[in-house]
Amino acid sequence: MTIHRVIRKVQRFQGWFGGGAALCLMVGLYLGLIGSPPDYYQGEVVRIMYIHVPLAHTSLLGYTVLALGSLWYLWKRDPIVDNMCQAVAALTAVFTALALGTGMIWGKPTWDTWWTWDARLTSFTVLLLILIGYLMLRTFVDDPEKEARYGAILAIVGFVDLPIIHFSVEWWRTLHQPQSISMRGVSISSGLLVPLLFMSVGMSLLFSYMLMVRTQLLYLDRLLHAKKGRLLSQFHLSKSDS
Amino acid sequence: MTSFNVIRWIVWKDFVTELRSRETISSMVFFALIVILIFSFSFSMDQQAAREVIAGIMWVAFAFTGIIGLGKSFSTELQNDCLEALQMVPEAKGAIYLGKVAANFAFMFVVEILLFPMFVILFNLEVVEEISLLLLIFLLATVGLSAIGTLFSALTVQIRAREVMLPILLLPLVVPVMIAAVEATKGALNGDPLALYGQWLELLAVYDVVFTVVSFWMFELVMDS
C-alpha cells in the first residue's frame, strides 16, 4: 500500500511548521508578557489580547480553509481533501471556542460582564454553532462519500452565510440600542503590535502544524479501515472455501 | 417533461397529498398555537411589554412550525422509496428543488396567515394600517426560510437522527432572517416610518436571492445517490 504523495510531502515539511510555531510563540509570549508595557487604559488585562486576537484570526482563516477545501473536494472528489476538511473543522471549532473563552475572560474586567451581545461575540458564537453542527452532521452519516459531500455542502453554505450573519448582527446591535461598549477609538501602538504579530504568525503556524498531523491521522485511519475490511473479507472467503 | 412541468407536478403532488392527509398544515398550526400559549403563560404582559416582545414570539413560533413543515416535506418521500424516484427524474434536480421550495413556501405562508389573527387577538395588536407591509415581511422572510430549509430538509432526510439535525443545522444559518424579520415586524407593528426599518427588508431580499441561488446549485449534490 502506497502512502499518498501529498502525505509524503507533508511529512517532510511539517517539522518546519512545528518548529516555527514554537519559536514564534515563545518570542511572542516573552514580548507580550514580559517585554511590553501594560496598556495605558486597560493595564495588565490587555495581555490576554496577545492570545485572543491571534486565536480569532486563526479561526477565521481556518473556516476559509474549510470552505475552500470543501469546494476542492466537490470538484476533485479526492478523499484526502475530505480528511483535511474534517481535520480543519475540528481544529477551527477548538480555536473558535478558545477565542470566545479568552474574549469572555478579557470582557469580565474590561466591560464588567462575562457576556454581552456584542456584534463580534455574537457572530463568533454563530460560527461555533455552525462548526459544531458540521462535526455532528459528519457523525450521523454512514457512507464516507456521503459524509464528505454533505459536510462540504454545509461548509460552503455556511461560508456564504457568514458575512450576512456578521452584517445583520452588526446592524442589529447598532440599531437596537446604542453600543455602550465599543473597542473603537483604541488604536494599537507599535509596542503592542510586534508581540501581536509574532503571536499571530505563531498561532497560524501552530494551526497549520496541527492540521497536518491531524490530516495524516485521519488519512491513516481511513487506510487502516480499508485494509481491515479487505483482510476480513479474505478471512471469510478462505473460511467458506474450506 | 420540461423542467417547468417538473416544478408544476411536484407542487401539485405536494398539494394533493396535503389535501388528502391534512397532516402538515394542521400539525403546524396546532404546534404554533401551543407555542403561542406557552409564551403567553411565560410572560405576563401588559400591552406595552407585548409590543416589545411580540415580534420575537411570532417569529420563534413561525420558525419552529416552519421546521416541522420542512422536515415533513422530504420525510414523507421516504415512504415507498419516493425519494429514489425523485432522484431518478431525468430533468435537472434544480426543478425538483424549485417545486419543493414553492410547496414549502406555500405551506408556511398559509400557516403564518392563519396564525397572525391569533396573535392580533391574544396580544391586542392594532394592525389595520400596516397589514400590507407585514405581508411583505412575512413573504420575504418565508422565502428565505424555505429556500435554505428545503436544501437541508433534503440533506438531513438521508442521514441518521434527521429530526434533530434539521433544526441544529438550519437555525444558526437563518440567524440573519430571524433578526431581520423580528426587527422589521417590530417596526411595522410600532408604526415606525419605513425608513427606520427598510434596510431589514433589503437584507431579507438579498438573503432570499443569495440562498435560493446557492441552494439551487447545491441541491443537485444533495440528491446524488
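Worth saying up front: this structure is predicted, and the values here are computed from it rather than measured.

A.B. asks: So what exactly am I meant to see when it comes to the overall build of chain B here?
C.D. replies: Regarding its fold elements, chain B presents 9 helices and 0 strands. Its helices and strands taken in sequence order, chain B reads α-α-α-α-α-α-α-α-α from the N to the C terminus. Against the globule reference of 17 Å for 225 residues, chain B gives a C-alpha radius of gyration of 18 Å, in line with a compact fold. Each principal axis of the C-alpha atoms in chain B carries an extent, and together these give about 55 × 35 × 30 Å.

A.B. asks: Can you walk me through the interface of chain A and chain B in this structure?
C.D. replies: Interface size is commonly expressed as the accessible area that is lost once the parts come together. Counting from both sides, the interface comprises 23 residues of chain A and, opposite them, 22 residues of chain B. Put simply, the parts of the chain that give the side of chain A that touches chain B at least two residues each are α4 (119-139) and α5 (144-176) of chain A. It is α5 of chain A that contributes the most residues to the side of chain A that touches chain B, 14 residues altogether. Per-class residue counts for the side of chain A that touches chain B are 18 nonpolar, 3 polar and 2 charged.

A.B. asks: Is there a simple way to explain the packing of helix α5 (residues 93-122) of chain B against helix α9 (residues 194-223) of chain B in this structure?
C.D. replies: For any two helices packed against each other, one specifies the inter-axial angle together with the distance between the axes. All names here are of chain B. Following both chains from N to C, one finds α5 and α9 inclined at 115°, their axes separated by 8 Å at the closest point. The orientation of α5 with respect to α9, classified from their angle, is roughly perpendicular. Of the two possible hands of crossing, α5 and α9 adopt the one that is right-handed. Residues Lys-93, Gly-94 and Tyr-97 of α5 form the contact with α9, whose participating residues are Ser-215, Phe-216, Phe-219, Glu-220 and Met-223. Taken together, the residues of the contact of α5 with α9 sort by class into 4 nonpolar, 2 polar and 2 charged.

A.B. asks: Is there a simple way to explain the packing of α4 of chain A against helix α7 (residues 162-173) of chain B in this structure?
C.D. replies: It is the contact of α4 of chain A with α7 of chain B, at a shortest axis distance of 9 Å, that shows an interaxial angle of 150°. Considering the angle they form, α4 of chain A stands roughly antiparallel to α7 of chain B. Relative to α7 of chain B, the crossing made by α4 of chain A is left-handed. Counted together, Val-126, Leu-129, Ile-130, Gly-133, Met-136 and Leu-137 of chain A of α4 of chain A and Met-165, Ile-168, Leu-169, Pro-172 and Leu-173 of chain B of α7 of chain B form the full contact between these two elements.

A.B. asks: Help me understand helix α3 (residues 47-75) of chain B, please; the structure alone is not making it clear to me.
C.D. replies: A turn of α-helix holds 3.6 residues, and therefore any two residues three or four places apart point the same way. For α3 of chain B, with 29 residues, the first-to-last C-alpha span of 41 Å sits near the 42 Å given by 1.5 Å per residue. Taking the largest bend as the criterion, α3 of chain B deviates by roughly 50°, centred on Val-53 of chain B.

A.B. asks: So what exactly am I meant to see when it comes to the confidence of the model for chain B here?
C.D. replies: Do not read the predicted coordinates in detail wherever pLDDT is low. Residue and element names in this part refer to chain B. Mean pLDDT over chain B: 91, with 100% of residues reaching 70 or higher. Looking over chain B, one finds the lowest element-wise mean pLDDT in helix α4 (residues 82-87), namely 88, and the highest in helix α6 (residues 131-156), namely 95. Across the whole predicted complex the pTM is 0.91, and at the interface the ipTM reaches 0.92.

A.B. asks: What am I meant to see in unusual backbone geometry here?
C.D. replies: Most of the time, phi is negative for any residue but glycine, and the peptide bond is trans. Within the chain, Arg-77 of chain A stands out as a residue other than glycine whose phi angle is a positive 55°. Along the polypeptide, Arg-77 of chain A turns up in the loop between α2 (49-76) and α3 (79-111). Residue Arg-77 of chain A is classed as partly exposed on the basis of its C-beta count, with 13 C-beta atoms lying within 10 Å. The phi angle at Ala-161 of chain B is positive, at roughly 55°, despite the residue not being glycine.

A.B. asks: So what exactly am I meant to see when it comes to the environment of Leu-197 of chain A here?
C.D. replies: Residues and elements named next belong to chain A. When you line up the elements, Leu-197 lands in helix α6 (residues 190-241). Owing to 14 C-beta atoms within 10 Å, Leu-197 belongs among the partly exposed residues under this scheme. Here the alpha-carbon distance between Leu-197 and Cys-24, two residues 173 residues apart in the chain, equals 9.1 Å.

A.B. asks: How should I be thinking about the nonpolar core in this particular structure?
C.D. replies: Within soluble globular proteins, side chains that are nonpolar tend to cluster in buried spots. By size, the foremost hydrophobic cluster in this structure holds 126 residues, and its most contacted members are Cys-85, Val-88 and Ile-153 of chain A together with Ala-181 and Leu-204 of chain B. Filtering out sequence-adjacent residues up to four positions away, Ile-153 of chain A remains in contact with Leu-155, Met-218, Leu-221 and Val-222 of chain B.

What counts and what doesn't
- Residues numbered from 1 in each chain as written.
- Chains lettered and ligands numbered in written order.
- Predicted model: local features only at pLDDT ≥ 70, side-chain atom pairs only at ≥ 80, totals over all residues.
- Helix = DSSP H or I, 4+ residues; strand = E, 2+ residues; numbered from the N terminus.
- Rg over C-alpha atoms; globule rule 2.2 N^0.38 Å.
- Contact = placed C-beta atoms within 7 Å.
- Nonpolar A, V, L, I, M, F, W, Y, C, P; charged D, E, K, R; others polar.
- Axes fitted to C-alpha atoms, helices over the stretch in contact; angles between N-to-C directions.
- Parallel < 35°, antiparallel > 145°, perpendicular 65-115°, else oblique.
- Left-handed = near helix turned anticlockwise from the far one by under 90°.
- Expected span 1.5 Å × (residues − 1).
- Bend = angle between axes of the 7 residues up to and from the residue.
- pLDDT = per-residue confidence, 0-100.
- Buried ≥ 20, exposed ≤ 12 C-beta atoms within 10 Å, placed from the backbone.
- Core = buried A, V, L, I, M, F, W, Y, C linked by C-beta atoms within 7 Å.

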